[in-house]
Each structure stands twice: as structure tokens, then as C-alpha cells.
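Listed below, chain by chain, are the residues.
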Protein chains: 2
Amino acid sequence: MSTSAFAEAPPVAPDVIAQIKAVVGDAGYSEDAMRVDPKLTEWRGKWKGHTPLLVLPKSTEEVAAVVKICYDNNVAITPQGGNTGLVGGQIPFGEILISLERMKAVRDVAPTDDTMVLEAGLTLLDAQQIAEKANRYFPLSLAAEGTATVGGVISTNAGGTAVLRYGVTRDLVSGLEVVLPNGEIFNGLKRLRKDNTGYDIKHMFIGAEGTLGIITAASLKLFPIMNSRSTAIVAFESSQKAIDLLVRAKQETGGQVEAFELMGRYGLSLVLKNIPDTREPLGAEYPWYALIEVASGDPEGASASMERLLEAAFEENLVLDAVIAQNETQAAEFWRLREDHSAAEKVEGAAWKHDISVPLSRMAEYMEEGAKAIEAFLPGARLVAFGHVGDGNVHFNVILPVGMDPATFNAMRDEGAKVVHDLVHQYEGSISAEHGLGRMKTQEALLYKDPVAVAAMQALRLALDPKRIMNPHVLF
Amino acid sequence: MSTSAFAEAPPVAPDVIAQIKAVVGDAGYSEDAMRVDPKLTEWRGKWKGHTPLLVLPKSTEEVAAVVKICYDNNVAITPQGGNTGLVGGQIPFGEILISLERMKAVRDVAPTDDTMVLEAGLTLLDAQQIAEKANRYFPLSLAAEGTATVGGVISTNAGGTAVLRYGVTRDLVSGLEVVLPNGEIFNGLKRLRKDNTGYDIKHMFIGAEGTLGIITAASLKLFPIMNSRSTAIVAFESSQKAIDLLVRAKQETGGQVEAFELMGRYGLSLVLKNIPDTREPLGAEYPWYALIEVASGDPEGASASMERLLEAAFEENLVLDAVIAQNETQAAEFWRLREDHSAAEKVEGAAWKHDISVPLSRMAEYMEEGAKAIEAFLPGARLVAFGHVGDGNVHFNVILPVGMDPATFNAMRDEGAKVVHDLVHQYEGSISAEHGLGRMKTQEALLYKDPVAVAAMQALRLALDPKRIMNPHVLF
């Protein structure tokens, strides 16, 4: 097996292409460059692939028939959702490309059961809106939600901004329908919260990055809509103090913290400088900030919780300054300060991005040591660390030193990543907290993963996909 | 392969026994009947097994060495936790019996990370107390918690009374250490909330009933201790009204409902009649009751939520009567009414017990149809339906008709189960919501499970345990 990032699938015989076309009909595939090309390029332009055929099945049965043809003929497949992935797992290099963009049925919405059954081609935004119409909340939320699909976020076990309270995508799935690599349909669209009748194999497919089959539909968990919400920007003298407040906040609110996003001064200063219509949230500048959101079922609960929390934090000198949003407009302004970090970074030029997690108890120390290691490796490099610290996850990004040649900087990318990731490994962390491995990080992950775990994953993969036709160059 | 309930493992060669003894030393095994026999009998006396050797390893390395010997010699193993299982999965019939009762180390408690790493031999009660000492809450709670072990509850994916808010055991595990069937050690004791670097294979071992390896230690999630708690007994004219209130309660409290346990009048009347020192909770008799518990981080939050909820429910004629516990003693009294259902049933004589789940939206109809089906099958049979309706899970138990010969009744058990389970299947439910399949229900489950799912499970099992040495007669 090869897991090289740009490894190519062998050519596909014309009669196989013809068989697939016959199964899906004229509307079920495309050879139109206008339609195909956008699916061959990753949105930042990092990957440019190619495919012998873009297949667009309209039903689970069609997906199954196409996969069966590929299985019988040893033809490799890359499934693609909304093409918003950041590690190249969705880009084919000679594989048949299957997109479920025509599978957008809402199969069932059952508010009493707190579940909805959606086809894989619906977007995450669709999912949120379908839930809302049923007077429920679907908490998965991320920047690309208007484009990312249900199938895609499940296949990559996406994270996002509400993980602290609701968990990752894995925690939001109660059942799956999957076309297995041999073309059979696994019908596991359960609405049950409890079912102990054998292995819960849906977990194999969640986060499998399309290597164990194609998720065609999912039963998703719904949650109550909160009756009050309070958002604040809080300033700290150190990242450790921010983490201390997070720990306190979780305890004191009884788990009502929905978001706890950390920002350093340098990252915030880039937002203020590079993004129009943003403004300093507090009266002075501070080394560290957190955006904190608390939500409650009690209509008065969130602001009461937030005030109680900050009052105690001031008394104990945990925080330097704080401002609570007075209305939704102000809350949205606060969120923009956090969400525009990526855009603000981009203006500064080339950057190495790292999506890492470490145990919360070691996070502050990791960030300090990481900053030193980067400075030693490339003096003048500008570190922007921000993100979902509530989940032990930060985006630890390194912008090129002012005046450095971008090509030289980009050429050092892998070495730079090794500096960051070696340290992550030393701190018992993960080199991919939420983005997955794809083609980009699979080889690198082998440096850090337990060989017994990798061997077990390979054995399990072989059991479900003995011919390794599903996204063969992604994962182990 | 055979999955017959009483299928026997072949005899084990004396030299294999000798090798195992040499690895674990004198303290690491037992042939003393006083020590071995209690582990061969299920606590209700339904199963009486036998073993060539009880092995009591003291470390993960010893477990690995013993399993490796068995693997090399094709010798079957049954792992056993606290021996509180209800489906016979822990009873050997000729297999080597491995108990981790000597593995009780607390490897790590990290309140900042909201995790603790415990060895498999600690009891569930130990786990709760270790969490409490760290000022955290470990929510898994069930009747057998003083005896059930960490390894056992994970291997069976146990449910219990706090699933509604915190999920089943699967949802409470952040990492596992497992000795695989080939004797290798999978070291997955992560404290991370987010790690997307390949398949999350811990989920294969959770609920696998000892068929994929031996869980030696686990990293468990910790939660905030709630600052207020309110418990009520509420009366309804129908089970549907109870479910309507449950749905409302989840929404209005923003997910603060910790328990919602349904009881019918007949079950409650048996508790009042058969259990000393219990008393009628309300001023009159009603057809249905629920025990509701709400908990909040806000010191005043729980009782305010409960009062608001019940007030609105009275106004809309959802409830007939209600009483809120005024103190912890009264709350404990209310809980006893629920928890003594099994003991109260026992006094009435033989019963068929069913641990089923159906989607909440179909629960009331299922219970009505189920009652009719049981009455048609065995007129006079006494139905006691109670339990974790908040999870769509009820214990649907059938007591023999007054005056019927118990032997005749017991002989009809399988046929009776078929009546109950056929209907469960029709209602998209599960025939084992929380107890697992073990030796008792594996064959029966095959009647209802998706054959594609069963084939996938078998392929995955074969991948990890090619010689099928782990609990070979349990699961598929």
C-alpha cells in the first residue's frame, strides 16, 4: 500500500466507466469541466487532482450500484462532500469521484425523539435550519457550514465552536446509513439512544475520511434551544489564568459554557489592523483574551451565571478586565474578533497552520514552550495561537517573519511542522485535533501513532475493504 | 462458529495451564473453590459454568502475557468484571477465566482535564468516589455499582440512571488501554477531547462484551458537581402525557433533566405492598407516575426550574398531581419507590424480564400494544413496565398470573419474549437496550439484526481476533 500524498490511482478501463454511466443515467455523472474542475481543487489551491469520472448518484441504491461496479473491477473511489476539507482527503488523483450533492432529502424529523434523519448531501447550514424549524438546536457549527455537507462533516468528525458543551460530530450522530466498500448497504439509521446488541460499528465510519464506505444518510441528535445566552470578552495576564477561569466556569455554571475561545494580543492586533469595522473590545491592551459564551434554559440564567462567574473571577484576580455583550449585535461583534483571525492572518502573508490539541492541564506550558521552539527555529516568526481552548484545541499558526521571502518560508514548512508536532507529541497531544489526516498528514501521523493502534486500524480496514478501493491513499 | 448459549470450550492442555501459572506466579491464579465458585455462577443462579483456571493478573503486562499464551495455543478466554451481568456473558464454560480484581490502581486524576485514568478492577462506586474527591462528578450510576467494575461497565456499555443527561458508558470514556486477542497492548489512554488521526477504535471495545480483547484501564470523563437538585413525583392519566412532559422538560430546562423514570400504578402498588417502610407519595392513586430529577449549576436553579415546569404543566392539564421533595431524605424516599420495583416484583413470584428500547415518539403506543399482546398470549399475566423512559428504555416485565404454576410459566419464557421482542422490532426498537446480548440473547438477536451489520461485525471481529479466542460464544 502506498500512502504518499500525491500517489496516483491506476487508469480506469473504459467499460467500467460505461457501466457506471449506465447505472446512474445522464443526470448521474458529469464530464463538464465547469462542474468537475471546482471539485478537483482544494479551496486554498493546495491540491489539484484529476478524475476519470465525476459520479452524482441520486439515491443510496445508485451509490451502492456504483460502488459494487468499482469493487468488482478493483477501481478506486474518492468520496467528496462540500470540498471544504483542509488536508486533501477529498481530492482524487485518478480515483472515481463520487459526490452526493443530489442526495438532499430530509427523510425524517422527529422532535419527540430529538433526532432528524438527513441525506448526506445536505449542508451543515441546512441541518441547522431544519432543526430550528422543528424548534430544536443542532449544535455543530463551523466557518464552512454553508458548504460543508452532512456526509463530509461526519466522515471527517468535524469539530467547530460548540464542542465544549455538545461534543464533536461523533457525539451528535445516533445512526448511519453507509454503502460499504463491497457495495452492500449498512442500514443503521437508528433513532435509539440505547441499543446494546453488538458492536456499535457506526463509530468506524465516523472520522474514517471516506476510507471504509460512503455515508449516504445520518440520524442526527437534536438539543433544546437555549432560552438565554451571554457573551463576554475577558482579558488575562497569562494563558494559564484563562485556563483557570475556564475550569472554574465549567464547574460553577454546571456545564453551561458553550464556547471558550482563546486569543493572544498579537492575533487580536492583526484583526484590528487588517479587518475593517472592528474595534478594540476593552479600554486597554492585554496579553491574552477569551471569548466566553454561556447559555441556559432559564430565560434569566445566562447573564446571571456570567455575572456571578466574572464577579468571583475579579475578586480572585483571575481576570484583568471584561465586557459583557449588551445585545446580539455586540455579541456578533465579539464573535467576529475571533472568527476573523484567519482572514487577518492571511493579509500578513504566508503561514504554517497547525491544528493541535493537548490536555488542558498542559496547554499553557505547551504554548510557552512552543513559542520558544518556533523562535529558536526561525527567529522573527510570528506566532498566532487561538481557538477552541475549551476543548484543549488551538490553532497554532506561524506567520513568516516580516520581510522574509515567502518561497524560502514555505520551503521550511515541513521542518516547522515537525518542531510544533514533536512538542505536541511530548505533551501527549494530537497533531490533528479536528481537521483529519487526509493526504497531507497521513505519513506524518505515522511518526507519532502507537504502532499497535495503526496495525489494528489496518486490520479493521482490510476487513471492511479487502481490495482497498475506498480513498486508498488516505489514512493507514 | 457456534453461539449456542451453553456451548463448551474444548479442554485446555496441562502445559498451557502450567505456562500461565508460571507467568502470573502463585498470587496470580486460584484453584480454591471458595474463590473460584462465586465467579462461575451468575447472581440470580441462571448460569453455572466451569473453568480450567481462574487467572488473576496484577498488571497489564501480565494480562498481555497470559493472553499471548492462550493465543499461541488456541485457548479460549472469558474476561469477567464484577460478575453482575444479566445475560451470562461473563460465565465461562470451559474457557480460561480472567478477572482483573487485583488491578485497582488509580493511575491519574486530572480535574483540569476533567479526566481520571483508572484500572479495570476498580468498582463503579470507587470511580464515583475518586471523582468526588477531586471535586468532580462521574455520572454513571446503577444498582450494582458497589460490585460492577470499570472494565465490566465499559465492556458492556452499561446504562443506568443518568443516561438522559450524560449518555451511556460509551459517552463517558475518553480513552482505553486494551490487551488485544493476540496479546499486544493497545495504548489508547488519551485525555484529549479532540483527536482526528485515524479511526477511533476504542469504540470497538466498548460494549464488545469481552470479545475483542481485555480492557485493562480507562480514561474516564469527569463532570461538574451540580449546585442544586430537585426531585419530584408527578402523576399522569396516561404514559403519553408523561412523555409529553418529558419532551417539554428537556426543552424548558435547557437539558437539565437528569432523570425521568416512569412507573405504572401496578408496579408502584407492588412496591407499597411488598417493601416495608414505603408510603403512597400522593394523596390519591393515579394510572402513571414519573420520578423527575432536575439539577443545575445555579444554587437556586433546580427548584426554580422544577416549579416553573410543573406550574406550566398543571395549566396545560399535562399532569394530575405532583409533589416536590422538600429535602434529601424525601428525595431518597422517592428514589426508593423507583429502585425497589425489582425487589417488589420478586415477592410476587416468577417473571419474564425484558430490557427494551423504542423511539420515544412510539413508546406510549408500544406499551399499549405490548400490554394487549401479553394479555392475548397469557391472560392474567401481570405487566410491570418501568424505567428509564427518558432514554426510550423501559424494563417491560411480565409476572406470572396469580395462581399459575411457576414451572409452566417459566417454560413459556422464550415464547413470551418473542411476543415482546417481535413488537419491539416492529416499533424500530432494540431487544437489549442496556444489558447486552451475552450468551442469553445472541441467537435471538440474529432474528432481528440487519444481516449486513452482522456480517460487518463478524469481519471486524475476525480482523482483531482471527482465532476467535475471546469469549467465543458471546456475540456474533
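Rules of the game
Residues numbered from 1 in each chain as written. Chains lettered and ligands numbered in written order. Predicted model: local features only at pLDDT ≥ 70, side-chain atom pairs only at ≥ 80, totals over all residues. Heavy atoms only, no water. Helix = DSSP H or I, 4+ residues; strand = E, 2+ residues; numbered from the N terminus. Rg over C-alpha atoms; globule rule 2.2 N^0.38 Å. Buried < 20%, exposed > 50% of the residue type's maximum accessible area, 1.4 Å probe, protein only. Contact = heavy atoms within 4.5 Å. Areas by Shrake-Rupley, 256 points an atom, 1.4 Å probe, with all protein chains shown as cover. Lys, Arg positive; Asp, Glu negative; His and termini not counted. Charge placed at Lys NZ, Arg CZ, Asp CG, Glu CD. Domains from an automatic or database assignment. Buried area = accessible area lost by both parts, 1.4 Å probe. Salt bridge = Lys/Arg side-chain N within 4 Å of Asp/Glu carboxyl O. Phe/Tyr/Trp six-rings, centres within 6.5 Å; stacked < 30°, edge-to-face > 60°. Least-squares fit on C-alpha atoms with pLDDT ≥ 70 in both. Pairing = 2+ DSSP bridges. Axes fitted to C-alpha atoms, helices over the stretch in contact; angles between N-to-C directions.

**Re the overall build of chain A**
Move 1: The helix and strand tally for chain A stands at 17 helices and 17 strands.
Move 2: Here the C-alpha radius of gyration of chain A, 23 Å, is about what a compact globule of 476 residues would show, namely 23 Å.
Move 3: Once the C-alpha set of chain A is aligned to its principal axes, its extents read approximately 70 × 55 × 45 Å.
Move 4: Burial status across chain A gives 63% buried among its 476 residues.
Move 5: Long-range pairs, those at least 24 residues apart, make up 75% of the contacts in chain A between residues at least 6 apart in sequence.
Move 6: Of the roughly 16900 Å² that chain A leaves accessible, carbon and sulfur atoms contribute 53%.
Move 7: Here chain A holds 44 positive side-chain charges and 62 negative ones, and the gap between their average locations is 4 Å.

**A few points about the domain arrangement of chain A**
Residues and elements named next belong to chain A.
Move 1: When its domains are assigned, chain A resolves into domain 1 (14–102), domain 2 (106–221), domain 3 (228–342) and domain 4 (348–437).
Move 2: On a C-alpha basis, the centres of domain 2 and domain 4 stand 31 Å from each other.
Move 3: At the interface, 9 residues of domain 2 touch 6 residues of domain 4.
Move 4: Taken over both partners, the interface formed by domain 2 and domain 4 buries close to 490 Å², and the fraction arising from carbon and sulfur atoms is 45%.

**Topic: the interface of chain A and chain B**
Move 1: Tallying the contact residues gives 85 residues for chain A and 85 residues for chain B.
Move 2: With both chains or domains summed, chain A and chain B bury close to 6500 Å², and 56% of this area falls on carbon and sulfur atoms.
Move 3: The largest contributions to the chain A side of the interface with chain B come from Lys194, Asn196 and Tyr199 of chain A, which together make up 16% of the buried area.
Move 4: The tally of links between chain A and chain B comes to 12 salt bridges.
Move 5: For Glu428 of chain B, the salt bridge goes to Arg191 of chain A, with nearest N and O atoms at 3.0 Å.
Move 6: Residue assignment for the side of chain A that touches chain B shows that the elements contributing at least two residues are α6 (163–166), β8 (185–188), α7 (202–205), α8 (239–252), α13 (360–377) and α17 (451–464) of chain A.

**Regarding the environment of Gly159 of chain A**
Move 1: Here Gly159 of chain A lies in the loop between α5 (150–155) and α6.
Move 2: Sequence separation between Gly159 of chain A and Asn83 of chain A is 76 residues, and the spatial gap between their C-alpha atoms is 16 Å.

**Considerations on the packing of aromatic side chains**
Two aromatic rings are characterised by how far apart their centres lie and by the angle between their planes.
Move 1: With the rule as written, the count across this model stands at 16 aromatic pairs over all chains.
Move 2: Seen from their ring centres, Tyr366 of chain A and Phe396 of chain A are 5.4 Å apart, and the 55 degrees between their planes marks the pair as tilted. In this pair, Tyr366 of chain A sits in helix α13 while Phe396 of chain A sits in strand β17 (residues 393–399), placing the two residues 30 residues apart along the sequence.
Move 3: The exposure class of Tyr366 of chain A is buried, given its relative accessible area of 0%.
Move 4: Overall, the relative accessible area of 1% leaves Phe396 of chain A in the buried class.
Move 5: With centroids separated by 6.1 Å and ring planes inclined at 55 degrees, the aromatic side chains of Trp352 of chain B and Phe377 of chain B adopt a geometry described as tilted. Residue Trp352 of chain B is found in strand β14 (residues 351–352), and its partner Phe377 of chain B is found in helix α13 (residues 360–377); the two are separated by 25 residues along the sequence.
Move 6: Accessibility expressed as a relative area gives 0% for Trp352 of chain B, which makes it buried.
Move 7: Site record: aromatic cluster; members linked through ring pairs are Tyr137, Tyr166 and Phe223 of chain A.

**A word on unusual backbone geometry**
Residue and element names in this part refer to chain B.
Move 1: Located in the positive-phi region is Asn83, a residue other than glycine, with phi close to 60 degrees.
Move 2: Considering the arrangement of structural elements, one finds Asn83 in the loop between β3 (77–80) and β4 (96–99).
Move 3: The class of Asn83 is buried, set by a relative accessible area of 12%.
Move 4: One non-glycine residue with positive phi stands out, namely Glu209, at about 55 degrees.
Move 5: Tracing the backbone shows Glu209 in the loop between α7 (202–205) and β9 (214–221).

**Some details on the pattern of salt bridges**
Move 1: If you walk through the whole model with that rule in mind, you get 70 salt bridges over all chains.
Move 2: Linking Asp113 of chain A and Arg191 of chain A is a salt bridge whose minimum nitrogen-to-oxygen distance equals 2.7 Å. Of this pair, Asp113 of chain A sits in the loop between β5 (106–110) and β6 (115–119) while Arg191 of chain A sits in the loop between β8 and α7, and the two are 78 residues apart along the sequence.
Move 3: Of the charged contacts in the structure, one is a salt bridge between Arg336 of chain A and Asp340 of chain A, with a shortest N-O distance of 3.3 Å.
Move 4: Exposure remark for Asp340 of chain A: the relative accessible area of 16% places this residue in the buried category.
Move 5: Ionic contacts of the salt-bridge type, sharing partners, join the residues Asp108, Asp113 and Arg191 of chain A together with Arg362 and Glu428 of chain B into one network.

**Side note on the relation of the copies chain A and chain B**
Move 1: Screw-axis analysis of chain A against chain B gives a translation of 0.0 Å along the axis, an RMSD of 0.0 Å, and a rotation angle of 180 degrees. Here the copies are linked by what is in effect a two-fold axis.

**A few points about the pairing of β3 of chain B**
Residues and elements named next belong to chain B.
Move 1: What you see with β3 is no split at all: Ile77 and Pro79 on one side and Thr78 and Gln80 on the other are buried throughout.
Move 2: The sheet contact formed by β3 and β4 spans 4 bridges and is parallel. Bridge assignment links Gln80 to a residue of β4, and that residue is Ser99.

**Quick word on the sheet that holds strand β7 (residues 173–179) of chain B**
Residue and element names in this part refer to chain B.
Move 1: Overall, antiparallel pairing links the 5 strands, which are arranged β5-β6-β9-β7-β8 in an open sheet. Either end of the sheet is taken by a strand with one partner, and the two such strands are β5 (106–110) and β8 (185–188). Each adjacent strand pair in this sheet contributes to an overall mean axis angle of 15 degrees, direction not counted.
Move 2: Two strands pair when backbone bridges link them, and β7 and β8 are joined in this way by 4 bridges, in the antiparallel orientation. Residue pairing across strands places Val179 opposite Ile185, the latter belonging to β8.

**A look at the sheet that holds strand β9 (residues 214–221) of chain A**
Residues and elements named next belong to chain A.
Move 1: Spatially, β5-β6-β9-β7-β8 is the arrangement adopted by the 5 strands of the open sheet, whose pairing is antiparallel. If you trace the sheet from one side to the other, it starts and ends with β5 and β8, each paired once. Taken over all neighbouring pairs, the strand axes of this sheet differ in orientation by 15 degrees on average, direction set aside.
Move 2: Here β6 runs beside β9; their pairing, made up of 5 bridges, is antiparallel. Pairing of Met116 across the sheet is with Leu220, part of β9.

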